Each structure stands twice: as structure tokens, then as C-alpha cells.
Amino acid sequence: IDYAKNFYKDHTKQSGYLAEQIINDKHLEDKHKFLLGDIAYNFIDKIGGEIDCLILDTVHLLPGEVLDVITLIPFMKKGGIVIMHAIAWTLYSDVKYGYATGSVMASVVGKKYINYDVTRKGLYPNIGAFEVGEDTIENIGNLFLQLLVTWRYIPDEKQLSAYRKAIGELYTDTEMELFDRAIELNKRTVGLKTRIREAIKMAFRGYTVS
């Protein structure tokens, strides 16, 4: 599943084009399907519930994976596993805002799996997973509170509308209020940060800004 229909580094290629080549070469078409151009929740009718394993490897910036986890957990089998990449990305790269999956791991309730490698002393692993249980759903508010941490980007209106519809169908008015408030506050904050960055650029170029 990918929201982007085309590969982000080369828009002439479809997302997953390398995997598609392998699938075709090895005649695995009956085992794989590409679902592109929308959020995962909107493909649930094609996927079905009782999902036993979910692998998330996407933007890594808030709100990113937090929104996907919130809208997909209700369709996970009890005891199902959510695997996430880049839980320590912000520690191993120059992307200081790359902590979305780490935030999910820190706040979600459930049995957690961290693949420590004893041969790499002093390093925290970048892959982690958690098991979905009754307590995960009961404490889903922890993940909604993560949405009130400053976002790095604002999803486009199509995404925001899709996630709002999903949250309205899956959760109570309390969670919807948190979601709406997170959007309102982050639009204001992210917009201010963008204006400040542009003002600094203009100042360095010798222009005055109001």
C-alpha cells in the first residue's frame, strides 16, 4: 500500500516497480497486490480485517505513521504484530524530526519487541514491533496525544479528510476532538515556521520583509 502512485524519486515509475518486476519474474501475482493512491484505511474492504502482520515503513515524520497506526489497529487480530522501521532514525541521521515511529513505540501499550544485536554494542536498533492486545485498544488515547506533538508537515486535504472520516467511524467524539485540535494547532505552528524560514532566506538575500 502506498499513498503515492508514483515512486517519489522518479515519477515516471510506479511505486513498488522493483517489487513488481520480481513478482512478475517469479510468477507470484497471486500472492501480492499493489494498492496505490489512498490511505490504507480506504483499502480495508479489499484487505479484510483480522490482519495478523502489518509492516509500516513510510514518512517517519509526524503525523505520518501515527495516523496509520490509529486507523489500522482496529482491524488487527488480537495478538497481531505491527512492525515499524526507523524507530531510531533521528539518532542515526541528520533528520532530527524523524521520530514518528519512535513516538509510536514509546506511547503504544502492548508487548514490545526490540531486535537488539549483541554484536553492536551501544547501538539502539532501528527496527521494532509491538503486539496488539485489548490493552492496546483501551489505551489508544496515548497515540492520539502524540498528534499534539508538533508535526513536521501538514498532510494534503485529501489525506486529512480521509483520516477524519476514518476516525469518525472508528472512535468517539473525544478522539475526534483531539484530531481536529491537532490539525488546527499544527497548521498554525507549521505555517509560522515556514514563514520564519522564508523571512530568514529573504533577509540573507538583502530584502526586507514585514
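Residues numbered from 1 in each chain as written. Predicted model: local features only at pLDDT ≥ 70, side-chain atom pairs only at ≥ 80, totals over all residues. Heavy atoms only, no water.

## A word on the pairing of strand β2 (residues 76-85)
Item 1. Strand direction decides the pairing type here: strand β1 (residues 51-56) and β2, joined by 5 bridges, are parallel. The partner of L54 across the bridge, within β2, is V82.
Item 2. In this region the chain leaves β1, passes through helix α3 (residues 64-72) and returns to the parallel neighbour β2; the handedness of that crossover is right-handed.
Item 3. Sheet analysis places β2 next to strand β4 (residues 127-131), joined by 5 bridges and oriented antiparallel. What sits directly across from H85, in β4, is I127. (Pairing = 2+ DSSP bridges. Helix = DSSP H or I, 4+ residues; strand = E, 2+ residues; numbered from the N terminus. Right-handed = clockwise from strand over helix to strand, strands pointing away.)

## Regarding the pairing of β4
Item 1. Note: strand β3 (residues 112-114) against β4, 3 bridges, orientation antiparallel. Directly across from K112, in β4, lies its bridge partner F130.

## Section: the pattern of salt bridges
Item 1. Under the definition given, this model contains 7 salt bridges.
Item 2. R181 is the salt-bridge partner of E184, the closest N and O atoms lying 3.7 Å from each other. Here R181 and E184 lie together in helix α9 (residues 173-204), a separation of 3 residues that amounts to about one turn.
Item 3. For E184, a relative accessible area of 42% corresponds to the partly exposed category.
Item 4. Using a relative accessible area of 39% as the deciding quantity, one classes R181 as partly exposed. (Salt bridge = Lys/Arg side-chain N within 4 Å of Asp/Glu carboxyl O. Buried < 20%, exposed > 50% of the residue type's maximum accessible area, 1.4 Å probe, protein only.)

## Some remarks on the environment of G141
Item 1. Secondary-structure assignment places G141 in helix α7 (residues 141-146).
Item 2. Separated by 34 residues in the primary sequence, G141 and S107 have C-alpha atoms spaced 9.3 Å apart.

## What about a nonpolar patch on the surface?
Item 1. Taken together, the side chains of L91, Y92, Y116, L123 and Y124 define a hydrophobic patch exposed on the protein surface, amounting to about 540 Å² of accessible area.
Item 2. Residue position: L123 is located in the loop between β3 and β4.
Item 3. Take L123: its relative accessible area is 39%, and that puts it in the partly exposed class. (Patch = residues over 30% accessible without salt bridge, like charges linked within 9 Å, V, L, I, M, F, W, Y side chains within 5 Å. Areas by Shrake-Rupley, 256 points an atom, 1.4 Å probe, with all protein chains shown as cover.)

## Details of the sheet that holds β2
Item 1. Overall, mixed pairing links the 4 strands, which are arranged β1-β2-β4-β3 in an open sheet. This sheet does not close on itself; its edge strands, each paired only once, are β1 and β3. Strand after strand, the sheet turns through a mean of 15 degrees between neighbouring axes, direction not considered.
Item 2. Lying over the sheet, α3 contacts β1, β2 and β4, oriented at roughly 170 degrees with respect to β1.
Item 3. In the packing of helix α5 (residues 100-107) onto the sheet, contacts are made with β2, β3 and β4, and the angle to β3 comes to roughly 135 degrees. (Axes fitted to C-alpha atoms, helices over the stretch in contact; angles between N-to-C directions. Contact = heavy atoms within 4.5 Å.)

## Digging into unusual backbone geometry
Peptide bonds are trans in most cases, and residues, glycine excluded, mostly fall at negative phi.
Item 1. Looking along the chain, the bond that leaves L62 and enters P63 is cis, with omega of 10 degrees.
Item 2. The topology assignment puts P63 in the loop between β1 and α3.
Item 3. Unusually for a residue other than glycine, E50 sits at a positive phi of about 55 degrees.
Item 4. Along the chain, the position of E50 falls in the loop between α2 (44-47) and β1.
Item 5. You can call E50 exposed: its relative accessible area is 55%.
Item 6. Here A86, not a glycine, exhibits a phi torsion of approximately 70 degrees, which is positive.

## With respect to the side chain of N186
Item 1. Looking at where N186 falls in the secondary structure, it is placed in helix α9.
Item 2. The exposure class assigned to N186 is buried, which follows from its relative accessible area of 4%.
Item 3. When neighbours within four sequence positions are excluded, N186 is seen to be in contact with L147, V149, T150, W151, I154 and G191.

## Quick notes on the packing of α3 against α5
Item 1. Remark: α3 packs on α5, axes separated minimally by 7 Å, with the N-to-C direction vectors making an angle of 45 degrees. Between α3 and α5, the interaxial angle falls into the category oblique. When α3 is examined against α5, the residues E65, V66 and V69 are found in contact with a partner set consisting of A100, T101 and V104. (Parallel < 35°, antiparallel > 145°, perpendicular 65-115°, else oblique.)

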